[in-house]
Amino acid sequence: QVQLVESGGGLVQAGGSLRLSCAASGSIFSINVMGWYRQAPGKQRELVTTITSGGRLNYADSVKGRFTISRDNAKNTVFPQMNSLKPEDTAVYYCNAGAKTSFYAHVQDYWGQGTQVTVSS
């Protein structure tokens, strides 16, 4: 099994910044894609940003130019830096990892417990 532990959420004023982190641990053979999704009240969960083990980046249009994701492959950790936050960024943010627990295993999706980000106007 793979566990994802998130930290860094909180309350911030519009225009402010937050830095989240997510560390994966457990029976990890390899992790290709790590990323973050978010879910606002009454809305579906949506992709925020992802990064592959090779450094390929992907951002939702709504966060391009404001959010930056980085990754420490040796520590299986990702760090999204969120700048110029807006009230519409308010949501529960979930870490996600596509991981294999052995050479022969299939890639499985793992999720963190979620961390609340609230941006006040």
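These remarks concern the structure in this document. The model shown is predicted, which means the values in this text are computed figures rather than measured ones. (Residues numbered from 1 in each chain as written. Predicted model: local features only at pLDDT ≥ 70, side-chain atom pairs only at ≥ 80, totals over all residues. Heavy atoms only, no water.)

## Structural notes on the side chain of R38
If you trace the backbone, R38 turns up in strand β5 (residues 30-39). There is a polar contact of 3.3 Å between the side chain of R38 and the side chain of S62. Of note is the side chain of R38, whose polar atom sits 2.9 Å from the side chain of D89. Discounting residues that sit within four places of it in the chain, R38 has contacts with Q44, R45, E46, V48, S62, V63, F67, E88, D89, A91, V92 and Y93. (Helix = DSSP H or I, 4+ residues; strand = E, 2+ residues; numbered from the N terminus. Polar contact = N/O pair within 3.5 Å; in protein donor to acceptor, adjacent residues only side chain to side chain. Contact = heavy atoms within 4.5 Å.)

## Describing unusual backbone geometry
The phi torsion of most residues other than glycine is negative, and most of the peptide bonds are trans. Phi angles above zero are rare outside glycine, and N76 is one such case at about 50 degrees. Judged by relative accessible area, which is 18%, N76 ranks as buried. With a phi angle near 50 degrees, S84 is a residue other than glycine that sits in the positive phi range. For S84, the position within the fold is in the loop between β9 (77-82) and β10 (91-100). Taking the relative accessible area as the measure of exposure, S84 reaches 39% and is therefore partly exposed. (Buried < 20%, exposed > 50% of the residue type's maximum accessible area, 1.4 Å probe, protein only.)

## Looking at the packing of aromatic side chains
Under the criterion given, the structure shown has three aromatic pairs. Note on Y37 and W111: the rings are 5.1 Å apart at their centroids and 65 degrees apart in plane angle, and the pair reads as edge-to-face. Here Y37 is found in strand β5, whereas its partner W111 is found in strand β11 (residues 108-111), with 74 residues between them in sequence. Ring centres of F103 and Y104 lie 5.1 Å apart, and the angle between their planes is 90 degrees; on these two criteria the pair is classed as edge-to-face. For F103, a relative accessible area of 55% puts it in the exposed group. Here the aromatic residues F29, F103 and Y104 are joined through ring pairs into a cluster of three or more. (Phe/Tyr/Trp six-rings, centres within 6.5 Å; stacked < 30°, edge-to-face > 60°.)

## Some thoughts on the state of the cysteines
Applying the stated rule across the entire model yields one disulfide. With a sulfur-sulfur separation of 2.0 Å, C22 is cross-linked through a disulfide to C95. A torsion of -85 degrees about the S-S bond marks the disulfide between C22 and C95 as left-handed. In this pair, C22 sits in strand β4 (residues 21-26) while C95 sits in strand β10, placing the two residues 73 residues apart along the sequence. The exposure classification of C22 matches that of C95, with both residues buried. (Disulfide = S-S within 2.5 Å.)

## Quick word on the environment of A40
Mapped onto the elements, A40 comes out in the loop between β5 and β6 (46-52). A40 sits in the buried class, given a relative accessible area of 19%. Excluding its chain neighbours within four sequence positions, the residues that come into contact with A40 are T90 and A91.

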